[in-house]
Amino acid sequence: ATDELGFTSTSGTGVQVVNFDNGASSNDLLLTCVLCNLNGRTDNGAVYLIQDVNAKRGIFDLNRTAGAYYNAYAGSMASDTLGSLQTSDQGVFLVDLDNNGYTNDLIIGASLADMNKAGTGSIYVIKDVDTKPGYFDLNKVFNFDAVWYGVIASDGLGGTTSSGHGIILANLDNNAYANDFILSAPLADSGGTNRGAIYMVLDADKKSGLLPISNPAAYNARWVGATNTDEIGLNRGSGQAVQVVNM
């Protein structure tokens, strides 16, 4: 009940047509289910990849039908709402993060995730998904390549509250491909109260394991609001608050 498959709380595309297996055409589906209840956890959320949908016929129950999906990823905790950035933008991206020639790497945001405190937020990287079929619980560290997460309650890493992109993939250092992140956390306390923070992560494809955003090794640079309640990176629905530009 209340799975609401394809719904992402207005945060972007809950249903995407993709090509994750380097096929001749884009005939695969990427589905987000932010209110799915898996592993006995309420609203932990799920992300599914379905291969070669043009060859499918019939009704496929993602909870019961054998072969209904190629990959499934389940949120690690109740109320994580995996794949949602809470109205701030697309929460799930299929990209070529490691420059292998096609889009088979997943970036999944969950700005309400409770990694060590309530609502700290998480951003997962899962590379080469076409080589890893099956069901994956993101509560297990061996089921993802890297995860960045907030460490203060309600940081909401990756969320920008309807103001634009909470996760930006870019080529910031002019190397051969886009493998750098800009991550927003407008409600981060940053030594005060809701000052907000913007993080730059270079060469994200080379990061691995658990990456608490309080650890300087998890990022290359950080910008924080000057005073309490600045909420840097937040624009309350009036436009994109963080942009990568060439000025």
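Our structure's up above, just so we're on the same page.
This one's a predicted model, so the numbers in the text were calculated from it and none came from an experiment.

> Would you explain the pattern of salt bridges in this entry?
Two side chains with opposite charge may pair up if their charged atoms get near one another. On inspection of all chains with the given rule, the structure shows three salt bridges. With a shortest N-O distance of 3.6 Å, Lys132 and Asp145 are connected by a salt bridge. Remark: Asp145 occurs in the loop between β8 (134-137) and β9 (146-149) and Lys132 occurs in the loop between β7 (122-126) and β8; sequence separation between them is 13 residues.

> Help me understand the environment of Asn19, please; the structure alone is not making it clear to me.
With respect to the element layout, Asn19 can be found in the loop between β1 (15-18) and β2 (28-33). Expressed as a C-alpha distance, the spacing of Asn19 and Asn104, which sit 85 residues apart in the sequence, is 7.9 Å.

> Whenever I open this one, unusual backbone geometry confuses me. Can you help?
Negative phi characterises most residues that are not glycine, and trans characterises most peptide bonds. Despite not being glycine, Asp43 shows a phi value in the positive range, around 55°. In this fold, Asp43 is placed in the loop between β2 and β3 (46-50).

> In this structure, what is going on with the packing of aromatic side chains? I would like to understand it.
How two aromatic rings sit relative to each other is given by the distance of their centres and the angle of their planes. Summed over the entire model, instances satisfying the criterion amount to six aromatic pairs. Ring geometry for Tyr48 against Tyr69: centres 5.6 Å apart, planes inclined by 50°, an arrangement best described as tilted. Placement of Tyr48 in strand β3 and of Tyr69 in the loop between β3 and β4 (71-74) is noted, with a sequence separation of 21 residues between them. The side chain of Lys56 reaches across the aromatic face of Phe60, ending 6.0 Å from its centre.

Cut-off values and rules
- Residues numbered from 1 in each chain as written.
- Predicted model: local features only at pLDDT ≥ 70, side-chain atom pairs only at ≥ 80, totals over all residues.
- Heavy atoms only, no water.
- Salt bridge = Lys/Arg side-chain N within 4 Å of Asp/Glu carboxyl O.
- Helix = DSSP H or I, 4+ residues; strand = E, 2+ residues; numbered from the N terminus.
- Phe/Tyr/Trp six-rings, centres within 6.5 Å; stacked < 30°, edge-to-face > 60°.
- Lys NZ or Arg CZ within 6 Å of the ring centre and 35° of its normal.

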